[in-house]
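# Tertiary structure, described
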Amino acid sequence: MTEALATAPQAEAEGGASAQAIQAHYDISNDFYALWLDPTMTYSCALWEDGDTLQQAQIRKLDFHLDQVQATGKKNLLDVGCGWGTLLDRAVTNYSVNNAVGLTLSQAQADWVKSSKQDNVSVVLESWRDHTPNLPYDAIVSIGAFEHFAKAGLSKAAKADAYRSFFRWCHDNSTPDCDLSLQSIVYENYNEENPNPFVEEIFPESELPRVSEVLAACDGLFEVVALRNDRTHYAKTLQCWYANLRKNRDHAIAIVGEAVYKKYEKYLGVFVIGFHTGTVNLTRIKARKLAEPVVIR
């Protein structure tokens, strides 16, 4: 916990969520999350095809991102916001990645990854802003972490700077042939000037981007090769999580208490509606590093 909290001041100064804010959501209980996520412990939008189980759709999503960065045989892959580490394990097991590094500010997630003792997988409890790799990364994946890179209430300029800092860091710490695969919830038909206080309660100190802000932030550093909008995929994922949570209601309450259970039941239900109506969207972006950064004026 001490190491995670030590990263908070710089993260806050740069406009992103602090370690305390991340831990407030992700460190509730690994056992609690295991009740309603699939066996891979993947806490982000799946990639669905007809007939999929949740687990199959989540594995397809992981493979999608690993394929996007051409992971097979890569020497040094980074997962920014690695969650419970399933992509790291899959990278070394199924894609012959030589070394896979995960970054997280969640103590519970870091402990989970370390307990797996997977060869060639490591996890570091720190922000990307503070991370100095031993070797440049030749593949970078970030799934469901970009939402925490800017705080609610920042000016548009400060928000843009926070996002730009991430892509600049990726550019500075990667090989010339590095590919990047990013997945993030984004605002769609939503007015940021009228925020929902309940969302802030669930994800403190965090703010969603718009697709245009993501594209502007990587301009001149990474070339966007492909972009998908998959909000219906997230609506379906959330419906599965909601059903799993309700099915395990009594067990969940025994772990975290009734108040937390009700908050999460409401949160999952609200987000199902948000994706169904198009209030928010889900974007997946593949980007290729530009060897020489372009100065954007």
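Residues numbered from 1 in each chain as written. Predicted model: local features only at pLDDT ≥ 70, side-chain atom pairs only at ≥ 80, totals over all residues. Heavy atoms only, no water.

### Details of the sheet that holds strand β6 (residues 222–229)
Note the threshold: Each pair of strands is called paired provided DSSP finds at least two bridges between the two strands. Each helix is a run of DSSP H or I of at least 4 residues and each strand a run of E of at least 2, with the numbering of both proceeding from the N terminus. Simply put, an axis is a line fit to the C-alpha atoms, just over the touching stretch for a helix, and the angle between two N-to-C directions goes from 0 to 180 degrees.
Sheet architecture is open: seven strands sit in the order β3-β2-β1-β4-β5-β7-β6, paired in mixed fashion. Edge positions in the open sheet fall to β3 (121–125) and β6, since each of these has one partner strand only. Ignoring which end each strand starts from, the neighbouring axes of this sheet average 15° apart. Sheet analysis places strand β2 (residues 100–104) next to β3, joined by five bridges and oriented parallel.

### Some points on the confidence of the model for the chain
Using the following cut-off: As a per-residue quantity, pLDDT reports the predictor's confidence and falls between 0 and 100. Only heavy atoms matter for contacts: two residues are in contact if any of them lie within 4.5 Å across the pair.
Of all residues in the chain, 94% attain a pLDDT of 70 or more, and the chain-wide mean is 91. With pLDDT under 50 throughout, residues 1–13 is counted as low confidence; its partners more than four residues away or in other chains account for 25 contacts.

### Focus: the packing of helix α8 (residues 156–172) against helix α10 (residues 211–218)
For any two helices packed against each other, one specifies the crossing angle of their axes together with the interaxial distance. This is how it is decided: Angle categories are assigned with fixed cut-offs, so that under 35 degrees is roughly parallel, over 145 is roughly antiparallel, 65 to 115 is roughly perpendicular, and the rest are oblique. Note on convention: near helix rotated counterclockwise from far helix by under a right angle means a left-handed crossing. Clockwise means right-handed. For this classification, Asp, Glu, Lys and Arg are treated as charged, while Ala, Val, Leu, Ile, Met, Phe, Trp, Tyr, Cys and Pro are nonpolar and the rest, including Gly, are polar.
The N-to-C vectors of α8 and α10 enclose an angle of 50°; their axes lie 8 Å apart at closest approach. With respect to α10, the axis of α8 lies oblique. Here α8 runs over α10; the crossing is right-handed. Touching Lys-159, Tyr-163, Arg-164 and Phe-167 of α8 are Glu-213, Val-214, Ala-216, Ala-217 and Cys-218, all from α10. Residue classes in the contact of α8 with α10 are distributed as six nonpolar, no polar and three charged.

### A word on the pairing of strand β1 (residues 77–80)
Put simply, the test is: Categorising residues by exposure relies on relative accessible area from a 1.4 Å probe, with only protein chains included: less than 20% of the type maximum marks a residue as buried, more than 50% marks it as exposed, and the intermediate range marks it as partly exposed. When the strands point away from the viewer and the connection leading from the first strand across the helix to the second strand turns clockwise, the crossover is called right-handed.
On β1, burial covers both faces: Leu-77 and Asp-79 on one face and Leu-78 and Val-80 on the other are all buried. Two strands pair when backbone bridges link them, and β1 and β2 are joined in this way by four bridges, in the parallel orientation. By the bridge assignment for β2, Asp-79 is matched with Gly-102. What joins β1 to β2 is helix α6 (residues 86–94), and the crossover it makes is right-handed. Where β1 meets strand β4 (residues 137–143), three bridges bridge the pair, whose relative direction is parallel. Paired with Asp-79 across the bridge in β4 is Val-141.

### Some thoughts on the packing of aromatic side chains
Using the following cut-off: Between rings of Phe, Tyr and Trp, where Trp is taken as its six-membered ring, a pair exists when centres lie within 6.5 Å; planes separated by under 30 degrees are stacked, by over 60 edge-to-face, and by other angles tilted.
Within the structure shown, the criterion is met by 29 aromatic pairs. Measuring from centroid to centroid gives 6.1 Å for Tyr-234 and Trp-241, while their planes differ by 80°, and the two rings are edge-to-face. Following the ring pairs from residue to residue traces out a cluster consisting of Phe-32, Tyr-33, Trp-36, Tyr-43, Trp-84, Phe-203, Tyr-234, Trp-241, Tyr-264, Tyr-267, Phe-271 and Phe-275.

### Details of a nonpolar patch on the surface
Rules: Like-charged residues within 9 Å of one another, or nonpolar side chains (Val, Leu, Ile, Met, Phe, Trp, Tyr) within 5 Å, are grouped into patches, provided each residue has over 30% relative accessible area and no salt bridge. Exposure was quantified through the Shrake-Rupley algorithm and a 1.4 Å probe, taking into account, for residues, occlusion by the shown protein chains and nothing else. A side-chain nitrogen of Lys or Arg and a carboxyl oxygen of Asp or Glu constitute a salt bridge if their distance falls within 4 Å.
Where nonpolar side chains cluster on the molecular surface, the patch consists of Leu-215, Val-224 and Leu-227 and spans about 190 Å² of accessible area. Position of Leu-215 relative to the elements: it lies in helix α10. The class of Leu-215 is partly exposed, set by a relative accessible area of 32%.

### Some words on helix α7 (residues 107–116)
Among all positions in α7, only Gln-107, Ala-108, Gln-109, Ala-110 and Val-113 are buried. Among the structural elements, α3 (19–26), α4 (30–36), α6, β2 and β3 are those in contact with the buried residues of α7.

### Concerning the state of the cysteines
Heads up, the rule is: When two cysteine sulfur atoms lie within 2.5 Å, the pair is treated as a disulfide.
One pass over the structure, following the stated rule, counts zero disulfides. Unpaired in this structure, Cys-218 has its nearest cysteine sulfur neighbour in Cys-170, at a distance of 10 Å. Left unpaired, Cys-240 is separated from the closest cysteine sulfur, that of Cys-45, by 11 Å.

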